[in-house]
Amino acid sequence: MSQSMPPAPQQPQQPHQPQQAPYGAPAPGGFPAPMAPPAARQGNAGLAVALGVVTMLIAAGVYGAVLKAVDGASIGYAALAVGALIGAVMGKVGGRNAALPVVGAVLGLLGLYLGQVFGMALLTADAAHATLGEIVFDHFDLVHAVWKEYLGAIDVVFYLLAAAGGFQVAKKLGA
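Read on for a plain summary of the structure. Worth saying up front: this structure is predicted, and the values here are computed from it rather than measured.

Criteria and thresholds
Residues numbered from 1 in each chain as written. Predicted model: local features only at pLDDT ≥ 70, side-chain atom pairs only at ≥ 80, totals over all residues. Heavy atoms only, no water. Helix = DSSP H or I, 4+ residues; strand = E, 2+ residues; numbered from the N terminus. Areas by Shrake-Rupley, 256 points an atom, 1.4 Å probe, with all protein chains shown as cover. Buried < 20%, exposed > 50% of the residue type's maximum accessible area, 1.4 Å probe, protein only. Expected span 1.5 Å × (residues − 1). Arc of directions from axis to C-beta. Contact = heavy atoms within 4.5 Å. Axes fitted to C-alpha atoms, helices over the stretch in contact; angles between N-to-C directions. Left-handed = near helix turned anticlockwise from the far one by under 90°. Nonpolar A, V, L, I, M, F, W, Y, C, P; charged D, E, K, R; others polar. Salt bridge = Lys/Arg side-chain N within 4 Å of Asp/Glu carboxyl O. Parallel < 35°, antiparallel > 145°, perpendicular 65-115°, else oblique.

### Some remarks on the overall build of the chain
The helix and strand inventory of the chain stands at six helices and zero strands. Listed by position from the N terminus, the elements making up the chain come as α-α-α-α-α-α. Surface exposure of the chain reaches about 11400 Å², of which carbon and sulfur atoms provide 67%.

### Notes on unusual backbone geometry
A positive phi is found at His-129, a non-glycine position, where the angle reads about 55°. Here His-129 lies in the loop between α3 (100-128) and α4 (132-138). For His-129, a relative accessible area of 75% corresponds to the exposed category.

### Some details on helix α2 (residues 76-94)
With 19 residues, α2 extends 27 Å from end C-alpha to end C-alpha; this agrees with the ideal 27 Å at 1.5 Å per step. Along α2, the residues that are buried comprise Gly-76, Ala-79, Val-82, Gly-83, Ile-86, Gly-87, Met-90, Gly-91 and Gly-94. Buried residues of α2, seen end-on, are gathered within an arc of 150° and therefore sit on one face of the element. Set apart from the buried face of α2 by more than 90 degrees, the exposed residues are Tyr-77 and Lys-92. Residues of α2 that are buried sit in contact with α1 (45-69), α3 and α6 (153-174). Immediately beyond the C-terminal end of α2, within one or two residues, lies Gly-95, with a positive phi of roughly 70°.

### Examining the packing of α2 against α3
Two packed helices can be described by the angle between their axes and the distance between those axes. For the pair α2 and α3, interaxial distance at closest approach is 9 Å and the crossing angle is 145°. At the point where α2 passes α3, the crossing takes the right-handed sense. Contacts between α2 and α3 involve Ala-79, Val-82, Gly-83, Ile-86, Met-90 and Gly-94 from the former and Leu-100, Val-103, Gly-104, Leu-107, Gly-108, Gly-111 and Leu-112 from the latter. Per-class residue counts for the contact of α2 with α3 are eight nonpolar, five polar and no charged.

### Considering the pattern of salt bridges
Applying the stated criterion to the full structure yields one salt bridge. The partner of Asp-126 in a salt bridge is Lys-68, with the nearest N and O atoms 3.7 Å apart. With Asp-126 in helix α3 and Lys-68 in helix α1, the pair connects residues that are 58 residues apart, well separated along the chain.

### Notes on α3
For α3, which comprises 29 residues, the first-to-last C-alpha distance of 41 Å matches the rise-based estimate of 42 Å (1.5 Å per residue) to within 8%. Positive phi shows up at His-129, right after α3, with a value of about 55°.

### A short note on the packing of α1 against α2
Here α1 crosses α2 at 160°, and the two axes come no closer than 8 Å. Comparing the axis directions of α1 and α2 gives the class roughly antiparallel. α1 and α2 meet at a crossing whose hand is right-handed. Contact residues: α1 offers Ala-45, Leu-47, Ala-48, Val-49, Leu-51, Gly-52, Thr-55, Met-56, Ala-59 and Tyr-63, while α2 offers Ala-78, Ala-79, Val-82, Leu-85, Ile-86, Val-89, Met-90, Val-93 and Gly-94.

As structure tokens, then:
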């Protein structure tokens with residue numbers, strides 16, 4: 001005896017769907033498909049601070065050499081550049097971190113101070129006919145006194161410029 005099996009129900013046919021193009025490939029009709037959004041940039045805050053300190057020391061050395069070259073006359077653009085360089089390094093390496101602009105401002109202030117002290121140490125060593133090491137390590141009180149003597153009201157503006165440069169550039173480049 002043979003029994004016939006009823007035919008299996010057929011699935012309804014779907015109308016033909018055009019295939020969707022992958023991201024970045026041209027879509028049907030010649031228009032490019034939308035691009036995937038860029039991934040959020042992650043940074044390394046610890047490395048950013050470490051490189052910010054290194055940049056601060058280098059910028060302070062250059063600023064001190066410039067001060068010696070111009071016989072102690074402060075230059076506002078150079079003060080801004082100290083902070084901006086520090087902020088640029090921190091922003092690029094650190095990414096979006098809310099603390100990095102503040103650290104950049106503090107390092108900008110410290111970098112300007114160290115640059116001014118280094119410049120005064122160079123001037124004092126030149127005037128005293130002594131080595132830079134002797135002046136810095138044996139007579140730092142004299143260097144600090146010379147720094148205070150040269151400090152003027154315009155230096156407050158320079159310190160604000162260095163702090164603002166460190167803060168703003170770190171914030172802008174970290175975004």
